[in-house]
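Inside the fold
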Amino acid sequence: MPDFDLVVIGAGAAGLSTAALSAALGLKVALVERAEMGGDCLNRGCVPSKALLAAAHAAAAARQAGRLGIRLGEPEVDWPAVRAHVRAAIARIAPTDSEARFRGMGVEVIRASAHFTAPDEIAAGDRRLTFRRCVIAAGSAPVVPDIQGLGPVPWLTSDTIFDLEEKPAHLLILGGGPIGLEMAQAHARLGCQVTLIDSGPIASRDDPELAEGLRRVLLREGVALHENATLDRVQPDPAGLLAVLTDGTRIPASHLLIAVGRAPRLAGLDLLAGNVTATAQGIATDKGLRSISNRRVWAAGDIADPEGIGPRAFTHVASLHASVLARRMLFRLPASVDYAALPRVTYTGPELAQVGMTEAEALAGGLDPRPYRFPLPETDRAIAEGIEDGLVKLVVDPKGRLLGAGVLGPHAGEMAGMFGLMIGRKLPLSALAGLTLPYPTLTEAAKRAAGDFYAPKLLSAVSKRLVGLLWRLP
């Protein structure tokens, strides 16, 4: 008889959700975590970054209040108080993910590293745990590339940047993805000098039109961008460090943040002993998140590499994976991962959100996409609030099916859910074009963009003749 019905490795978003539901359904569950409960999202990712961004956006709002007739002057940034706000946000959410709460659910929480000793057994500290099922939810870690001279130069990642006791004088960021962009704007708005280097264009996974709007905002706010540039080496400098690009550009800075991506935490799991196949991207699974080599083992979150789909390093993907595991592993129902309506958001100001395909992705898939756009600054709400930047872009097939949507604007992530619902439920574009919205809202831009798909038909010569004939009726 196995010791546990289910052993979960990792107490991040995916592991916590799976453990909680399994215990609630009466299974005997062990949850193994070597570090903080709540994983990266709570302690080093989503929560602290959004708390820091909230402070940064407040500073920006104070600076920009003059356009509305409110004179506030340059805000004073109290760095210790900002750090206290970040820590308080983590502390307030932490009880939800705490060891005490999960023990109260009946989950046995084991604070130790875990590794396989057999296909149906793991070692956790000094214990051996046999299981009927195991879910690997060990997450991912920041990638640190091999950079010449990095050894003697101190550097930061998303795991350590929130521990800075003093505000950086000049933060140099390597990487123009969501983490790099968010930290660039956050620190610039909090009064730091910021330089960002990327080997390609910033926000390269997003629609170039939307990325261009964000680029203009960052440059306007003083972020120095070096795109399509390669870092050759770093070396110590009186300022802290000196970065040298391959074109000879020399950039002195006080701090270096490396934000070039994440890699699955596979080291130490001894997957060979567990007969668990892995790729460079994570645990190899089928589309239902079951290991392709050990039917007792499943994977969820950043560490899962579903066949033909690949990994996605988002907390909301971890929640999606947990729902797939609930249906397939617990209830033995058909279920598989589907990212067709998956949203992603870069929480800058303005936010950059994307759901479904970009225009380029749809073209690459041979889908004959038709783009429809509406600038946010042309909505009445934006005019009333003095919003100068933003765009809604819909990607539609010839039959009026929404393939994807991108938004650059305030709280764009809040608009993303509507597009995700449309794509996920295969609602026609007419559902958005005919939607009655409260006035005035920024979402009106999405409705106006959808309406442009139908405008040529509505205003065609045939429609005009038909209205002319109908007008004659009593």
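As shown above, the structure is provided for reference.
First, a word on scope: everything that follows refers to the structure included in this document. Small disclaimer: the values here were computed from a predicted structure and weren't measured.

The next point concerns helix α8 (residues 315–330). Look at α8: 21 Å from first C-alpha to last across 16 residues, which is about the 22 Å you get at 1.5 Å a residue. Of the residues trailing α8, Arg 332 is marked for its positive phi of about 55°.

So, about the sheet that holds strand β17 (residues 282–285). Pairing within the open sheet is mixed, and its three strands lie in the order β16-β17-β19. Each edge of the sheet is formed by a strand with only one pairing partner; in this case those strands are β16 (278–279) and β19 (304–306). Where β17 lies against β19, three bridges are found, and the strand directions are parallel. Paired with Ile 283 across the bridge in β19 is Ala 304.

Strand pairing in a sheet relies on backbone hydrogen bonds. The paired strands run either parallel or antiparallel. Spatially, the five strands line up as an open sheet ordered β20-β21-β24-β23-β22, and their pairing is antiparallel. Of all the strands in the sheet, just β20 (343–346) and β22 (370–375) have a single pairing partner and so form its edges. Geometrically, the sheet is characterised by an average inter-axis angle of 10° between neighbouring strands, direction not taken into account. Relative to strand β23 (residues 391–396), β22 runs antiparallel, the two sharing six bridges.

On to the packing of aromatic side chains, then. Tallied over the entire structure, the rule returns three aromatic pairs. Ring centres 6.3 Å apart and planes at 80° place the aromatic pair Phe 116 and Phe 131 in the edge-to-face group. Separated by 15 residues along the polypeptide, Phe 116 in strand β4 (residues 114–118) and Phe 131 in strand β6 (residues 127–136) bring together distant segments of the chain. The pair formed by Phe 116 and Phe 131 is uniform in burial state, with each residue classed as buried. Ring plane angle 80° and centroid distance 5.7 Å describe the contact between Tyr 372 and Phe 453, whose orientation is recorded as edge-to-face. One end of the pair, Tyr 372, is in strand β22; the other, Phe 453, is in helix α13 (residues 444–458), and 81 residues separate them in sequence. Take Tyr 372 and Phe 453: they sit in the same class, and that class is buried.

So, on to the environment of Arg 215. Among the secondary structure elements, Arg 215 is positioned in helix α7 (residues 208–220). Residues in contact with Arg 215, not counting those within four places in the same chain, are Pro 201, Ile 202, Leu 225 and Glu 227. Of the polar contacts made by the side chain of Arg 215, one reaches the side chain of Glu 212; its length is 2.5 Å.

This paragraph deals with a nonpolar patch on the surface. Nonpolar side chains collect at one region of the surface, where Leu 21, Leu 25, Phe 331 and Leu 333 lie side by side and expose about 360 Å² of accessible area between them. Take Leu 25: it is sitting in the loop between α1 (13–24) and β2 (29–32). Overall, Leu 25 belongs to the partly exposed group, its relative accessible area being 45%.

Core analysis: the largest hydrophobic core is formed by 52 residues, its most contacted members being Phe 116 and Ile 136. If we ignore the near neighbours within four places in the chain, the residues touching Ile 136 are Ile 9, Phe 116, Leu 269, Leu 271, Val 276, Ile 283, Val 297, Trp 298, Ala 299, Ala 300 and Ile 303. By size, the runner-up hydrophobic cluster in this structure holds 39 residues, among which are Leu 53, Leu 156, Phe 162 and Ile 202.

Two side chains that carry opposite charge are able to pair once their charged atoms sit near each other. The tally for this structure, following the rule as stated, stands at 26 salt bridges. We note a salt bridge from Arg 344 to Asp 206, for which the minimum N-O separation is 3.5 Å. With Arg 344 in strand β20 and Asp 206 in the loop between β9 (193–197) and α7, this residue pair connects regions lying 138 residues apart in the sequence. Here Arg 344 and Asp 206 have matching classes, each one buried. Residues Arg 215 and Glu 227 are paired through a salt bridge, measuring 2.7 Å at the closest nitrogen-oxygen approach. Pair noted here: Arg 215 is in helix α7 and Glu 227 is in the loop between β10 (224–226) and β11 (231–237), with a separation of 12 residues, a long-range link. Residue Glu 227 is classed as partly exposed on the basis of its relative accessible area of 22%. Through salt bridges with shared partners, a single ionic network connects Glu 36, Asp 40, Arg 44, Asp 159, Arg 262 and Arg 265.

Pairing of β4 with strand β5 (residues 121–124) involves four bridges; the strand directions are antiparallel. Paired with Phe 116 across the bridge in β5 is Ile 122. Hairpin remark: β4 followed by β5, antiparallel, with two residues in the connecting loop.

With that settled, consider helix α3 (residues 46–64). Residues three or four positions apart in an α-helix share a direction because the helix packs 3.6 residues into each turn. With 19 residues, α3 should reach 27 Å at 1.5 Å per residue; the first-to-last C-alpha distance of 26 Å fits that figure. Among all positions of α3, only Val 47, Pro 48, Ser 49, Ala 51, Leu 52, Leu 53, Ala 55, Ala 56, Ala 59, Ala 60 and Ala 62 are buried.

This part covers the side chain of Asp 207. As for its position among the elements, Asp 207 is in the loop between β9 and α7. A polar contact of 2.9 Å, which involves the side chain of Asp 207, links it to the side chain of Lys 393. Excluding residues that lie within four positions of it along the chain, Asp 207 makes contacts with Gln 354, Thr 358, Glu 359 and Lys 393.

Structurally, the position occupied by Leu 342 is in the loop between α8 and β20. Taking the C-alpha atoms as reference points, Leu 342 and Ala 88, separated by 254 residues in sequence, lie 30 Å from one another. The contact partners of Leu 342, leaving out residues within four places of it in the chain, are Arg 312, Phe 314, His 316, Val 317, Gln 354, Val 355 and Gly 356.

Okay, unusual backbone geometry next. Keep in mind that most residues, glycine aside, have a negative phi and that most peptide bonds are trans. Between Gly 349 and the following residue, Pro 350, the backbone shows a cis peptide bond with an omega angle of 0°. Among the secondary structure elements, Pro 350 is positioned in the loop between β20 and β21 (351–356). Cis geometry is found at the peptide bond from Tyr 439 to Pro 440, where omega equals -5°. Counting through the fold element by element, Pro 440 comes out in the loop between α12 (429–433) and α13. Located in the positive-phi region is Asn 228, a residue other than glycine, with phi close to 50°. For Asn 228, the position within the fold is in the loop between β10 and β11. Taking the relative accessible area as the measure of exposure, Asn 228 reaches 59% and is therefore exposed. Here the phi dihedral of Asp 270 falls at roughly 50°; this positive angle occurs in a residue that is not glycine. If you trace the backbone, Asp 270 turns up in the loop between β15 (262–264) and β16.

Thresholds, definitions, all that
- Residues numbered from 1 in each chain as written.
- Predicted model: local features only at pLDDT ≥ 70, side-chain atom pairs only at ≥ 80, totals over all residues.
- Heavy atoms only, no water.
- Helix = DSSP H or I, 4+ residues; strand = E, 2+ residues; numbered from the N terminus.
- Expected span 1.5 Å × (residues − 1).
- Pairing = 2+ DSSP bridges.
- Axes fitted to C-alpha atoms, helices over the stretch in contact; angles between N-to-C directions.
- Phe/Tyr/Trp six-rings, centres within 6.5 Å; stacked < 30°, edge-to-face > 60°.
- Buried < 20%, exposed > 50% of the residue type's maximum accessible area, 1.4 Å probe, protein only.
- Contact = heavy atoms within 4.5 Å.
- Polar contact = N/O pair within 3.5 Å; in protein donor to acceptor, adjacent residues only side chain to side chain.
- Patch = residues over 30% accessible without salt bridge, like charges linked within 9 Å, V, L, I, M, F, W, Y side chains within 5 Å.
- Areas by Shrake-Rupley, 256 points an atom, 1.4 Å probe, with all protein chains shown as cover.
- Salt bridge = Lys/Arg side-chain N within 4 Å of Asp/Glu carboxyl O.
- Core = buried A, V, L, I, M, F, W, Y, C linked by side-chain atoms within 4.5 Å.

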